Amino acid sequence: MFALAAVVDLASLATGFGPGHTVAKPLLMPLLAAYSLASGAPRLLVGALMCGWGGDVLLLSDADPAFLAGMACFAAGHVCYLALFRAYGSPRARMGLLAPAYATALVVTVVALWPDLPAGLRVPVAAYSVLLTTMACASAVRLGARTGVGGALFLLSDTLIATGVADWPQLPRPEFWVMLTYIAAQFLLADGTLRALEARPGPMATYGEVRSTTP
């Protein structure tokens, strides 16, 4: 069902069918959260996905207050992800390489966008960018490559949104590329987390799944 909603949403955006996007987009994260919950996901993962749902619904509006509220929802989701990675992940050797790379990308992006962002959005966007970049880096450092790609795609998706807010030149059908990278990001973060937890020693019940141990 998540895959079907994703196909409908992306096809609607690719063809300019607005009602299809309006209907499909709010279904994406609840369906992914339901799949994750059924697979024994920790509550923090479900919480992160549902925060994304709140952001998705709010960003259906073009109004500035809705944009700020949507950004706050996504920020709460990143906090959930960071808590999740801290609770269930472990530091890896790639930290020394990835942290400087993500820090450099953060500084370059914020400095480049700053003059072109509306004055009232500059500080919120910069603060959100710090949180998002931290989450993206932590996803790779603490849970591995699959979640790391998800975190990187989330960073790319939100950067595409920010360039639109700054009125930079855009690709054709910019919302299609934003949603394509966002959907892939959330799926990889969820699926990568579940795979990482399954690979750990001990029963999955440790991470929130309740299963019968009887035949």
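The following paragraphs examine the structure supplied in this document.

**Some details on helix H1 (residues 2-15)**
At step 1: Taking 1.5 Å of rise per residue, the 14 residues of H1 would be expected to cover 20 Å, and the 20 Å separating its terminal C-alpha atoms lies within 8% of that figure.
At step 2: Those residues of H1 that sit buried are Phe2, Ala5, Ala6, Asp9, Leu10, Ser12 and Leu13. For H1, the arc enclosing every buried residue in end-on projection is 155 degrees, short of the 170-degree limit, so these residues lie on one face. Away from the buried face of H1 by more than 90 degrees, exposed residues Ala3, Leu4, Val7 and Thr15 are located.
At step 3: For H1, the elements touching its buried residues are helix H2 (18-38) and helix H8 (174-199).
At step 4: Gly16 occupies a position one or two residues after H1 and carries a positive phi of about 75 degrees.

**What to know about the environment of Leu117**
At step 1: By the secondary structure assignment, Leu117 is in the loop between helix H5 (95-113) and helix H6 (119-143).
At step 2: By relative accessible area, which is 5% here, Leu117 ends up buried.
At step 3: Sequence separation between Leu117 and Asp167 is 50 residues, and the spatial gap between their C-alpha atoms is 8.0 Å.

**Quick word on helix H7 (residues 145-165)**
At step 1: Look at H7: 30 Å from first C-alpha to last across 21 residues, which is about the 30 Å you get at 1.5 Å a residue.
At step 2: For H7, every residue scored as buried is listed here: Thr147, Gly148, Gly150, Gly151, Phe154, Leu155, Ser157, Asp158, Ala162 and Thr163.
At step 3: Positive backbone phi, approximately 60 degrees, marks Asp167, located one or two places after H7.

The rules behind each value
Residues numbered from 1 in each chain as written. Predicted model: local features only at pLDDT ≥ 70, side-chain atom pairs only at ≥ 80, totals over all residues. Heavy atoms only, no water. Helix = DSSP H or I, 4+ residues; strand = E, 2+ residues; numbered from the N terminus. Expected span 1.5 Å × (residues − 1). Buried < 20%, exposed > 50% of the residue type's maximum accessible area, 1.4 Å probe, protein only. Arc of directions from axis to C-beta. Contact = heavy atoms within 4.5 Å.

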